[in-house]
Amino acid sequence: MRTKRRVQIALDLACVRCYLGFTRLTRAAGGGAELTIRPFQAEPDAPSAGEPLFEVWRRTRGEAFVRQVTSDTSFGVADGLELHFERALFTNTFEAHRLVARASTQGLGERMAERLFRAYFTDGLLISDRTTLARLAAETGVVAAATDAGDAAETAALRAELDRVRALGVQVDAVPYAAFEDGTVLEGAQPEAAYRAALTAPLTPAG
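All of the points below concern the structure found in this document. (Residues numbered from 1 in each chain as written. Predicted model: local features only at pLDDT ≥ 70, side-chain atom pairs only at ≥ 80, totals over all residues. Heavy atoms only, no water.)

1. Notes on the packing of helix α5 (residues 109-123) against helix α6 (residues 130-140)
Rules: To get an axis, fit a line to the C-alpha atoms, keeping to the stretch in contact for a helix; angles then go from 0 to 180 degrees between the N-to-C directions. Secondary structure elements follow DSSP: runs of H or I no shorter than four residues count as helices, runs of E no shorter than two count as strands, and numbering proceeds from the N terminus. Here the angle decides the label: under 35 degrees means roughly parallel, over 145 means roughly antiparallel, 65 to 115 means roughly perpendicular, and every other value means oblique. Two helices cross in a left-handed way if the nearer one is turned anticlockwise from the farther one by less than a right angle. They cross in a right-handed way if the turn is clockwise. Contacts are residue-level and defined by heavy atoms, with any inter-residue pair within 4.5 Å sufficient. Polar here means any residue outside two lists: the nonpolar Ala, Val, Leu, Ile, Met, Phe, Trp, Tyr, Cys and Pro, and the charged Asp, Glu, Lys and Arg; Gly therefore counts as polar.
Where α5 meets α6, the axes come as close as 10 Å, and the angle between the chain directions of the two elements is 135 degrees. Here α5 lies oblique to α6, going by the angle between them. Crossing of α5 against α6: the hand is right-handed. Every residue of α6 that contacts α5 at Arg111, Met112, Arg115, Leu116 and Ala119 is listed here: Leu133, Leu136, Ala137, Glu139 and Thr140. Of the residues assigned to the contact of α5 with α6, the class counts are 6 nonpolar, 1 polar and 3 charged.

2. A look at the sheet that holds strand β2 (residues 33-39)
For clarity, the cut-off: The pairing criterion for strands is at least two bridges between them, as found by DSSP.
Reading across from one edge, β2-β1-β5-β6 is the order of the 4 strands in this open sheet, with mixed pairing throughout. Each of the sheet's edge strands pairs with one partner strand only, and the pair in question is β2 and β6 (185-187). With strand direction ignored, the average angle separating the axes of adjacent strands in the sheet is 15 degrees. As paired elements, strand β1 (residues 5-11) and strand β5 (residues 177-180) share 4 bridges and run antiparallel to each other. Counterpart to Ile9 in the pairing with β5 is Ala178.

3. Topic: unusual backbone geometry
A cis amide bond links Val175 with the next residue in sequence, Pro176, at an omega value of 0 degrees. Looking at where Pro176 falls in the secondary structure, it is placed in the loop between α7 (148-167) and β5.

4. Comments concerning the environment of Glu110
By the secondary structure assignment, Glu110 is in helix α5. Along the chain, Glu110 and Leu35 lie 75 residues apart, while their C-alpha atoms are 7.8 Å from each other. Apart from the residues within four sequence positions on either side, Glu110 is in contact with Phe22, Thr26, Leu35 and Ile37.

5. Topic: the packing of aromatic side chains
Note the cut-off: Pairing of aromatic side chains requires ring centres within 6.5 Å, counting the rings of Phe and Tyr and the six-membered ring of Trp. Pairs whose planes differ by under 30 degrees are stacked, by over 60 edge-to-face, and all others tilted. Accessibility here uses a 1.4 Å probe with only protein chains present; expressed as a share of the type maximum, an area under 20% marks a residue as buried, one over 50% as exposed, and anything in between as partly exposed. Here, a charge over a ring is recorded when the distance from Lys NZ or Arg CZ to the ring centre is within 6 Å and its angle to the ring normal is within 35 degrees.
Enumeration according to the criterion identifies 9 aromatic pairs in this entry. A centroid spacing of 6.0 Å and a plane angle of 85 degrees characterise the contact between Phe85 and Phe121, whose relative ring orientation is edge-to-face. On the criterion of sequence distance, the pair formed by Phe85 in the loop between α3 (63-71) and β4 (89-90) and Phe121 in helix α5 is long-range, its members being 36 residues apart. Taking relative accessible area as the criterion, Phe85 reaches 11% and is therefore assigned buried. Taken together through their ring pairs, the aromatic side chains of Tyr19, Phe22, Phe54, Trp57, Phe65, Phe75, Phe85, Phe117, Tyr120 and Phe121 make up a single cluster. The side chain of Arg159 reaches across the aromatic face of Phe94, ending 4.6 Å from its centre.

What follows is the structure in C-alpha cells.
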C-alpha cells in the first residue's frame, strides 16, 4: 500500500523563489513524499556564456534594486540558505534541467536540484557549463548518459516537458508551482507550514 503523498513542483534553477520554495517543501515533506521536479525556464533565451547577475539586474531593475539586495544580508538566513547574489552568473538553465531530469531517473533528482541551486546562488558556478555540470553530477552520484544518442534523447524529452509545463499555464510569477495529490496548488514560495498542510490534508477516496 502506498503511503507517500505525490507532489509535483515546477521550478527554475536560477530562480531564488524556487530555491526557497523547494527548500521549504522538501523540509516539510521530510522524505515522506514522492516529489517530481518539473522543469521551467524563466529566461529560455538567456545565453549560456554567463554574466554577473548584478550586471543583468542593473540593466533590467536599476542600481537602486542592486543596492537594496546588497544591503539585505538576512535574505534566506531563516531557511538556512547562504545566498551570494554578487557571485551568481546569469545563464541559460537548459543543461542544468537536463541533469536534474537524468538524476531523477536514478532517484537523485532532489539531491541534484539542491546542489544546482547551491552552485548558482552560493558558489557562483556557471550551471550551463558542461564540465561544471559533469563535476557536480559526479559529486552527487549521478551517472552520465552512456552514449550521444542518450544525450539526444534526454534533450528531446526535456524540450517536450518544458513545452508541456508551459501548456499547463505555469507562468514566471507562479513558480515554484507545487501541485499536490488532492488537487491543491501552491504558487510562489510559500511558508513551510503551507506545504506541510497540503501534504497532510485528507485525500478524497477514489469513487
